Amino acid sequence: PPRSTLFPYTTLFRSVLVAHEPPAWQLLPDSKRSSAIRSLEDIVETFRRDGTKAAFQKFATFAAIDYADREPDVVLPQPTPQIEANMNFFFLNDALGVNNYRLDLAALKATPTCIVAAGGRSSHESPPHRCAESLAAKLGTALIEFPGSHTGWLLRPKEFGVKLFEVLKASAAY
C-alpha cells in the first residue's frame, strides 16, 4: 500500500504493545519457573551438542508449536543458511538471556502504553503461554487469545493478522 495509507495506522497504534507469550519466567510459580529455565538450558545444551535441528525440535515441544495447526495454504519455510544463522544466534545469545531477565511490573503498570497480554489458542500448557496469563493477571487485564500457538504469526498469518488488527484498533482508544 502507498505510504499515505500506512501512516494513519502507524500513528494510531504507536502506544500499544502486544506481548504475545513473553518468556517472563519470573511470573511463573517457583516450580514452573525452575522447569522453564532448566528446559531452556537443556535446549541450548542440545544445540551445542547436536545442532540447530535437534535444539529446535525440543524448543518446538517446549513452546507447544504444532506445525499441523496452520492455515491450509501455509507452506512451511524451507531451511536456508539465513534461517539457520538466525536460529544459531537465538540459541547462542537470546535463549538463555531470558532466564535472568526481570520485568519491572511497577513501570509496566505505570506506562501510558497500552500493554496487551496475548497467548496462542493452541499453546495453553506451554510456559510462554502461562507467562502471558500471569502478565495479564498482574496488569489487571484479560488475556487475549490469538490463533495458533507460539508461532501463530507464521502458521496462521491471515487469522493472526486479523486478530492483531482488531486488538490494535480496540487498544488504540485506550
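Please read all numbers here as calculations on a predicted model, not as lab measurements. Per chain, residues are indexed from 1 in the order of the written sequence. Reporting of local features is limited, given that this is a predicted model, to residues whose pLDDT is at least 70; pairs of side-chain atoms are given and counted only at 80 or more, and all residues count toward the totals for whole chains, interfaces and linings. As a rule here, side-chain values come from all non-hydrogen atoms in the structure, and water together with hydrogens is ignored.

## Description of the pairing of strand S2 (residues 114-120)
Link 1 in the chain: Counting buried residues along S2, 7 of its 7 residues qualify, which places the element largely inside the surrounding structure.
Link 2 in the chain: Alternating residues of S2 divide into Cys 114, Val 116, Ala 118 and Gly 120 and Ile 115, Ala 117 and Gly 119, and every residue in both groups is buried.
Link 3 in the chain: Bridge count for strand S1 (residues 16-20) against S2 is 5 bridges, and the pairing is parallel. Counted as the bridge partner of His 20 is Ala 118 from S2.
Link 4 in the chain: The pairing of S2 with strand S3 (residues 144-146) spans 3 bridges and is parallel. Bridge pairing links Gly 120 to Phe 146 in S3.
Link 5 in the chain: If the strands point away from the viewer and the path from the first strand over the helix to the second runs clockwise, then the crossover is right-handed. Helix numbers and strand numbers start at the N terminus; a helix is a DSSP run of H or I with at least 4 residues, a strand a run of E with at least 2. In this fold, the crossover linking S2 to S3 by way of helix H6 (residues 127-139) has right-handed handedness. The buried label applies to any residue whose accessible area, calculated with a 1.4 Å probe on protein chains only, is under 20% of its type's maximum; exposed applies above 50%, and partly exposed to all values in between. In this analysis, strands are considered paired if DSSP registers two or more bridges between them.

## Some details on the packing of aromatic side chains
Link 1 in the chain: Only Phe, Tyr and Trp rings are paired, with Trp represented by its six-membered ring, and only when their centres lie within 6.5 Å; those with planes under 30 degrees apart are stacked, over 60 edge-to-face, the remainder tilted. The full count for this structure, using the stated rule, is 7 aromatic pairs.
Link 2 in the chain: A centroid spacing of 6.2 Å and a plane angle of 40° characterise the contact between Phe 59 and Phe 62, whose relative ring orientation is tilted. Taken together, the residues span about one helical turn, with Phe 59 and Phe 62 both in helix H3 (residues 52-62) at a distance of 3 residues.
Link 3 in the chain: Counting every residue linked through ring pairs, the aromatic cluster contains Trp 25, Phe 47, Phe 56, Phe 59, Phe 62, Phe 90 and Phe 91.

## A closer look at the sheet that holds S3
Link 1 in the chain: Taken together, 3 strands build an open sheet; the order of strands is S1-S2-S3 and the sheet is parallel. Each edge of the open sheet is held by one strand with a lone partner, namely S1 and S3. Ignoring which end each strand starts from, the neighbouring axes of this sheet average 35° apart.
Link 2 in the chain: Whether two residues are in contact is decided by their heavy atoms, any of which lying within 4.5 Å being enough. Axes here mean lines fitted to C-alpha atoms, for a helix over just the part in contact, with angles spanning 0 to 180 degrees between N-to-C directions. Where H6 meets the sheet, it contacts S1 and S2, and its direction lies at approximately 150° from that of S2.

## As for the nonpolar core
Link 1 in the chain: Residue types Ala, Val, Leu, Ile, Met, Phe, Trp, Tyr and Cys, when buried and joined through side-chain atoms within 4.5 Å, form a set referred to as a nonpolar core. Residues Trp 25, Leu 40, Ile 43, Phe 59, Phe 62, Ile 65 and Phe 91 are the most contacted members of the largest nonpolar core, which totals 19 residues.
Link 2 in the chain: In terms of residue count, the dominant contributor to this core is helix H2 (residues 30-50) (6 residues).
Link 3 in the chain: Those residues in contact with Ile 65, other than ones at most four positions away along the chain, are Phe 56, Phe 59, Ala 60, Ser 149, His 150, Thr 151 and Leu 155.
Link 4 in the chain: If you look at the next biggest cluster of nonpolar residues, it comprises 9 residues, including Leu 105, Ile 115, Ala 117 and Leu 139.

## A word on the environment of Leu 92
Link 1 in the chain: Tracing the sequence through the fold places Leu 92 in helix H4 (residues 81-94).
Link 2 in the chain: A C-alpha to C-alpha distance of 22 Å links Leu 92 and Leu 154, two positions 62 residues apart in sequence.

## Considerations on the confidence of the model for the chain
Link 1 in the chain: Across the chain, each position has a pLDDT score giving the predictor's confidence in that residue, from 0 to 100. Considering every residue of the chain, the mean pLDDT works out to 90; 90% of them sit at 70 or more.
Link 2 in the chain: Long-range and interchain partners of residues 1-11, a stretch whose pLDDT sits below 50, account for 2 contacts in this model, where long-range means more than four residues apart.

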